[in-house]
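Residue-level structure breakdown
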Amino acid sequence: MDHNSACSHPGCGGAVATKLTYDYAGRTVWLVDPGTVIEHGMGLCQGHAATFRPPVGWVLEDERLPTIPRQPPIAV
Amino acid sequence: MSEPLPAAASDVVAPSWGLGDAVAGLAVGLVAGGLLAAIATGVTGKVDGLPVTIAGLVGLWVGLAGVPLMAARRKGSGSLGEDFGLRLVPRSDIAIGVVAGVVGQFVVVRVVVGIFQAFAHNIDVAQQTKNVTGNPEGLGLAVLAPFLVLGAPFVEELFFRGLVLRSIARRAGRVAGVIGSSVVFGLVHFQTGMGAASDAALMCAIGSFGLLLAFLAVRTGRLGPGLIAHATFNAITVIALATSH
């Protein structure tokens, strides 16, 4: 799976906004910025990154830099 | 909000439309919109895309525009201008509306989203435009643009700032009408899929823009300024879409 271009969530395919990597032995999951090079893991779109929850017993480390996303105009 | 709503035909015969009609309009719009979108999905074989977007909008507008039209004819004066303030004074309304639309898009929405960003990690509502429009380009955007810049402002101002606001205001006062119509406006535009905090931020931002539109409607006694503001707001989005591809 190419974790650089498309969200790895089944059926999504949205643009990658966050990368997820993990250490199985240490039961730790990291969320990192999309530009970060990771050896293994997956890419997640904005929505799936926001709703991601680690498996029970695992620790989530959010290492993404705080960002103020560019705000494109919306339509009503 | 020191000036009252202008006298309408209600001075002669009080219109009998009200919140029931607003609820009916919303229900008919949501059902018709869902139905037409489903039909478009069945025909095209895609759950999104321009045909589905337009079918959903047209269905929604059947309720949001059809019910005020029927309410004015059967229960009111027969005039959308008299009953709901659908009037435009070009010289002042265009100027007020353009400024309000720009302020709504670049100040109101950004301030509200910014407040959420100050308290929650990674609030991002960038996906909204894609969800609403299907992110078209070229001919698709040219086809969709009139729906966003002309259709949506006309129908939504008539419904939310016309029927809904005035129905609530007649029962509970103008302040309740302004707040109530804005809450309904925000709720109707609620969408999921960006994360709960982003979804909530977007709903509050749109509701806040609704407050501005409702204030204009009450302050001027007509829908003209809000209509132009709404059109300007969406025109900015269309221009952004056209220049982003």
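Residues numbered from 1 in each chain as written. Chains lettered and ligands numbered in written order. Predicted model: local features only at pLDDT ≥ 70, side-chain atom pairs only at ≥ 80, totals over all residues.

**As for the overall build of chain B**
Of the regular secondary structure elements, chain B holds nine helices and zero strands. The secondary structure elements of chain B, listed N-terminal to C-terminal, are α-α-α-α-α-α-α-α-α. The globule rule puts the C-alpha radius of gyration for 245 residues at 18 Å, and the 18 Å found for chain B is close to it. Residue pairs at least 24 apart in sequence account for 76% of intrachain contacts in chain B once pairs closer than 6 positions are excluded. (Helix = DSSP H or I, 4+ residues; strand = E, 2+ residues; numbered from the N terminus. Rg over C-alpha atoms; globule rule 2.2 N^0.38 Å. Contact = placed C-beta atoms within 7 Å.)

**Details of the packing of helix α2 (residues 50–75) of chain B against helix α6 (residues 139–172) of chain B**
All names here are of chain B. Between α2 and α6, whose axes approach to 10 Å, the crossing angle comes to 30 degrees. Relative to α6, the element α2 lies roughly parallel. The interaxial crossing formed by α2 with α6 has left-handed handedness. Between α2, through L50, T53, I54, L57, W61, L64, A65, P68 and A71, and α6, the contact on the second element is made entirely by G140, V143, L144, F147, G151, V155, E156, L158, F159, G162 and L163. Of the residues belonging to the contact of α2 with α6, the class tally is 15 nonpolar, four polar and one charged. (Axes fitted to C-alpha atoms, helices over the stretch in contact; angles between N-to-C directions. Parallel < 35°, antiparallel > 145°, perpendicular 65-115°, else oblique. Left-handed = near helix turned anticlockwise from the far one by under 90°. Nonpolar A, V, L, I, M, F, W, Y, C, P; charged D, E, K, R; others polar.)

**Points about the sheet that holds strand β4 (residues 59–62) of chain A**
Whenever strands of a sheet pair, they do so through backbone hydrogen bonds, lying parallel or antiparallel. All names here are of chain A. Reading across from one edge, β3-β1-β2-β4 is the order of the four strands in this open sheet, with mixed pairing throughout. Since the sheet does not close on itself, it has two edges, and those belong to β3 (42–44) and β4, each with one partner. If you compare each strand with its neighbour and ignore which way they point, the axes differ by 25 degrees on average. Taken together, the five bridges between strand β1 (residues 18–23) and strand β2 (residues 28–32) define a ladder with antiparallel strand orientation. Looking across to β2, one finds that Y22 is bridged to V29. (Pairing = 2+ DSSP bridges.)

**A word on the environment of A145 of chain B**
Inspection of the secondary structure assignment puts A145 of chain B in helix α6. Taking C-alpha positions, A145 of chain B is 7.9 Å from A235 of chain B, a pair spaced 90 residues apart along the chain.

**Some points on the nonpolar core**
Ranked by size, the top nonpolar core spans 84 residues in total, and within it L148, L158, F159, V164, L165, A205 and F209 of chain B carry the most contacts. When near neighbours in sequence (up to four residues on either side) are disregarded, F159 of chain B contacts G25, L64, A65, P68 and V164 of chain B. (Core = buried A, V, L, I, M, F, W, Y, C linked by C-beta atoms within 7 Å. Buried ≥ 20, exposed ≤ 12 C-beta atoms within 10 Å, placed from the backbone.)

**Some details on the interface of chain A and chain B**
Facing the twelve residues of chain A at the interface are 27 residues of chain B. Of the residues in the side of chain A that touches chain B, the class split is eight nonpolar, four polar and no charged.

**Brief notes about unusual backbone geometry**
All names here are of chain A. Phi angles above zero are rare outside glycine, and R27 is one such case at about 50 degrees. By the secondary structure assignment, R27 is in the loop between β1 and β2. Note on R27: 13 C-beta atoms within 10 Å, which makes it partly exposed.

**A few points about the confidence of the model for chain A**
Interpreting fine coordinate detail is not advised for predicted regions of low pLDDT. Scored by pLDDT, chain A comes out at a mean of 86, with 91% of its residues at no less than 70. Here helix α1 (residues 46–50) of chain A stands out as the element of chain A with the lowest mean pLDDT, 85, in contrast to β2 of chain A, whose mean of 96 is the highest. (pLDDT = per-residue confidence, 0-100.)

**Examining the packing of helix α8 (residues 196–220) of chain B against helix α9 (residues 224–244) of chain B**
All names here are of chain B. The interhelical angle for the contact between α8 and α9, taken along N-to-C directions, is 155 degrees, at an axis separation of 8 Å. Overall, the two elements α8 and α9 adopt an arrangement that is roughly antiparallel. Across from F209, L213, L216, A217 and T220 in α8, the residues of α9 making contact are P225, G226, A229, H230 and F233.

**A closer look at helix α4 (residues 90–119) of chain B**
All names here are of chain B. Relative to the 44 Å expected for 30 residues at 1.5 Å per residue, α4 spans 42 Å between its end C-alpha atoms, a close match to the ideal helical length. The largest bend along α4 measures about 45 degrees and falls at G104. Within α4, the full set of buried residues consists of D93, G97, A100, G101, G104, Q105, V108, V109, V112, V113 and Q117. Looking at the buried residues of α4, the elements they touch are α8 and α9. (Expected span 1.5 Å × (residues − 1). Bend = angle between axes of the 7 residues up to and from the residue.)

**Brief notes about the confidence of the model for chain B**
Across chain B, the average pLDDT comes to 91, with 94% of residues at 70 or higher. Across chain B, helix α7 (residues 174–188) of chain B holds the top mean pLDDT of 97, while helix α5 (residues 127–133) of chain B sits lowest at 81.

**Quick look at the environment of V59 of chain A**
Residue and element names in this part refer to chain A. Here V59 is to be found in strand β4. According to the C-beta neighbour criterion, V59 is exposed, with 11 such atoms within 10 Å. Non-local contacts of V59, meaning those with residues more than four positions away in its chain, are made with R27, T28 and P54.

**Structural notes on the environment of V98 of chain B**
Residues and elements named next belong to chain B. Topologically, V98 is positioned in helix α4. Residue classification places V98 among the partly exposed positions, given that 17 C-beta atoms sit within 10 Å. It is 24 Å that separates the C-alpha atoms of V98 and N135, two residues lying 37 residues apart in sequence. Residue contacts for V98: discarding those within four places in its chain leaves I228 and T232.

**Topic: the pairing of β1 of chain A**
Two strands pair when backbone bridges link them, and β1 of chain A and β3 of chain A are joined in this way by three bridges, in the antiparallel orientation. Residue pairing across strands places L20 of chain A opposite M42 of chain A, the latter belonging to β3 of chain A.

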